[in-house]
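The residues making up each chain are set out below.
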Amino acid sequence: MNVTAEGIAIAAFFLIGGRLAILYLERLDSKSAGNPGAEAKAIAASRRRARGHLWLLGAMLTALVAVALPFGRGAPPLGATVAIVLVLLGGFALCVTRTMRAYRDARRLARSDIGTSE
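Presented here is an overview of the structure given in this document.

With respect to the helices and strands, V67 occurs in helix α2 (residues 37–68). In this structure V67 comes out as exposed when scored by relative accessible area, which is 57%.

Spelled out as structure tokens, the structure:
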């Protein structure tokens, strides 16, 4: 395996981005623990929307890698490239479905808040 500075930078980007996303979602969880009623529902909807944004980011990055991989400088042989691109496209489909599910759940949570008052 060939380790390059670009590979290390990409791995660090994903690790740091993942850690920041986890910290953000934990912060939203801690906020929702102390809030009653409609505010808690709004925070839950916001948390689902944030997860949808993260899945969308994953879909965009996966699509970018799937498109850039065959044209990269150190591209693997054709058979391996096709296999990797197919796996990445499967990951893209997973990310898109999770994105849509998270946005749909956030919309449902936000609409369930309509008509309630404190």
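Take the side chain of T81 next. Along the chain, the position of T81 falls in helix α3 (residues 78–112). When residues no more than four places from it in sequence are discounted, the contact partners of T81 are L69, P70 and P76.

Okay, the side chain of T99 next. In this structure, T99 sits in helix α3. Residue classification places T99 among the buried residues on the basis of a relative accessible area of 2%. Not counting residues within four places of it along the chain, the set of residues in contact with T99 comprises G52, W55 and L56.

Calculation criteria
Residues numbered from 1 in each chain as written. Predicted model: local features only at pLDDT ≥ 70, side-chain atom pairs only at ≥ 80, totals over all residues. Heavy atoms only, no water. Helix = DSSP H or I, 4+ residues; strand = E, 2+ residues; numbered from the N terminus. Buried < 20%, exposed > 50% of the residue type's maximum accessible area, 1.4 Å probe, protein only. Contact = heavy atoms within 4.5 Å.

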